[in-house]
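Tertiary structure, described
Each chain is listed here by its residues.
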Amino acid sequence: MRRFAVILTIAALAACKGSGSKNEQYRTEKVDRGNITMTVTATGTLSAVTTVQVGSQVSGVIARLYADFNSRVTKGQLLAELDPTPFQQQVEQRQADVTKSKVEAANTRINYDRQLRLVKAGLSPQSDLDSARAAYEGANAQVQQSTAALNSSLTNLKYTKIVSPIDGIVVDRQYDVGQTVAASFSAPTLFSIAQDMTKMQVQADVDQSDIGRIAVGQSARFTVDSYPDQEFRGRISQIRLNATVSQNVVTYPVIIEVPNPDEKLRPKMTANVTIDVASVPDVLRVPNGALRFKPDTAVGGATATAGGRSASTTAATETPSTQTASTPTRGPGGRFRHRPKDKTR
């Protein structure tokens, strides 16, 4: 059987040599020994590990800004201030309500004490004392209610000062002085602060056909357009399950942690990611091009045209019960040729 395969190979090479073009050129490569690595490629976006959106919980007009793009801020630092005038007026009104409710509570206490003495002396019915007691307790509740309203107004006045919740750098600012911030339904974002630019992450979108080869802890490398000759390295820290479907293509987000000590990498950069999923060390390596052969289309087309009639004639004369095989035989000049041999099923 092995001798038969060798004979077929020699015959095929001889046929190719006889029909080949004299203008064909071949490139040779050495078979070497080294490591072979299987990789998965993807595209991702860089971002800081922790990015905080700083917003406003109250509506108003921005009066002052104390931070701008690329400003380094610390926790508790004042970033912006809304116009406090309407909030201060509201606080003063609530303070007046508290004073009024306390005066009314004191008056109802005096009336209650008077009714209590009259009842003890038998000069007033019990119903008057009960009414005085109810009025006194209602006045105390009114004092608590007005005090809570005052505290709420003080809190809103405090919210007019926007402070930084973390240490970091301002990467985005949405408003300018004089613009109105509307916080009716949701808190608008005024600033975006990246906590630590020396630690970045890449969110790479990996196709569903390759996600099974990805595992936490695998090494990854990538390049960015800003530094095409420099390769950055990181490690996979998370494989998220919230898949994204776009034009019937399903991808999964893979998070890659990347050190950035010199802060060359910046948020929103596009990363061309390569993930090493398997590796075999110290093996013989052959270029992929040596395993494929693409014939000349001009030569192949001429051959197909010349043999088209004979091929159709053969197909018309064959019957389903007959199969034609070829056996190599030695002919004149020492060359091999194929002799058809019929086999009946």
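Going by the structure above, here's the rest.
Residues numbered from 1 in each chain as written. Predicted model: local features only at pLDDT ≥ 70, side-chain atom pairs only at ≥ 80, totals over all residues. Heavy atoms only, no water.

1. So, the packing of aromatic side chains
Under the definition given, this model contains three aromatic pairs. Plain terms: the ring middles of Y112 and Y136 are 6.0 Å apart, the flat faces sit at 10 degrees to each other, and that makes the pair stacked. Taken together, the positions of Y112 in helix α2 (residues 85-121) and Y136 in helix α3 (residues 126-159) put the pair 24 residues apart, joining distant regions of the chain. Just as Y112 is buried, Y136 falls in that class too. Judged by centre distance (6.3 Å) and plane angle (70 degrees), the rings of Y227 and F232 are edge-to-face. The rings of F222, Y227 and F232 are connected pair by pair, giving a single aromatic cluster. (Phe/Tyr/Trp six-rings, centres within 6.5 Å; stacked < 30°, edge-to-face > 60°. Helix = DSSP H or I, 4+ residues; strand = E, 2+ residues; numbered from the N terminus. Buried < 20%, exposed > 50% of the residue type's maximum accessible area, 1.4 Å probe, protein only.)

2. Structural notes on α3
The end-to-end C-alpha separation of α3 is 50 Å, in line with the 50 Å expected for 34 residues at 1.5 Å each. Considered for burial, the residues of α3 that qualify are L129, A132, Y136, A139, V143, S146, L150 and S153. On its buried face, α3 is in contact with α2. (Expected span 1.5 Å × (residues − 1). Contact = heavy atoms within 4.5 Å.)

3. Quick word on the sheet that holds strand β8 (residues 180-181)
Spatially, the four strands line up as an open sheet ordered β6-β5-β3-β8, and their pairing is antiparallel. Looking at which strands have only one partner, the edges of the open sheet turn out to be β6 (161-163) and β8. Examined bridge by bridge, strand β3 (residues 60-65) and β8 share two bridges and lie antiparallel to one another. Residue pairing across strands places V61 opposite T180, the latter belonging to β8. (Pairing = 2+ DSSP bridges.)

4. Brief notes about the nonpolar core
Grouped together as the largest cluster of nonpolar side chains are 27 residues, with contacts concentrated most on I214, F222, I256 and V273. Mapped by element, the contributors of at least two residues to this core are β1 (32-48), β10 (199-207), β11 (219-224), β12 (227-239), β14 (249-259) and β15 (270-285). Apart from residues lying up to four places away in sequence, V273 is in contact with V40, T41, A42, G44, V202, A204, A220, R221, F222 and I256. Counting residues in each nonpolar core, the second largest holds 17 residues, with V54, F87, I162 and V181 among its members. (Core = buried A, V, L, I, M, F, W, Y, C linked by side-chain atoms within 4.5 Å.)

5. Some remarks on the pairing of β3
With three bridges connecting them, β3 and strand β5 (residues 78-82) associate as antiparallel partners. The residue bridging R64 from the neighbouring strand is E81, located in β5.

6. Remarks on the environment of G217
With respect to the helices and strands, G217 occurs in the loop between β10 and β11. Separated by 20 residues in the primary sequence, G217 and S237 have C-alpha atoms spaced 6.2 Å apart.

7. A look at the packing of α2 against α3
It is the contact of α2 with α3, at a shortest axis distance of 8 Å, that shows an interaxial angle of 165 degrees. As far as their axial angle goes, α3 and α2 are roughly antiparallel. When the axes of α2 and α3 are compared, the crossing they make is left-handed. (Axes fitted to C-alpha atoms, helices over the stretch in contact; angles between N-to-C directions. Parallel < 35°, antiparallel > 145°, perpendicular 65-115°, else oblique. Left-handed = near helix turned anticlockwise from the far one by under 90°.)

8. Focus: the pairing of strand β7 (residues 168-173)
Two strands pair when backbone bridges link them, and strand β4 (residues 72-73) and β7 are joined in this way by two bridges, in the antiparallel orientation. Counted as the bridge partner of R72 is I169 from β7.

9. Quick notes on the environment of R72
Looking at the secondary structure, you find R72 in strand β4. When its relative accessible area of 57% is taken as the criterion, R72 is described as exposed. In this structure, the C-alpha to C-alpha distance between R72 and A194, residues 122 residues apart in sequence, is 9.6 Å. In this structure R72 touches Q77, G168, I169 and E263, once residues within four positions along its chain are discounted. In this structure the side chain of R72 is engaged in a polar contact, spanning 3.3 Å, whose partner is the side chain of E263. (Polar contact = N/O pair within 3.5 Å; in protein donor to acceptor, adjacent residues only side chain to side chain.)

Function cannot be read off these values alone, since they describe shape.
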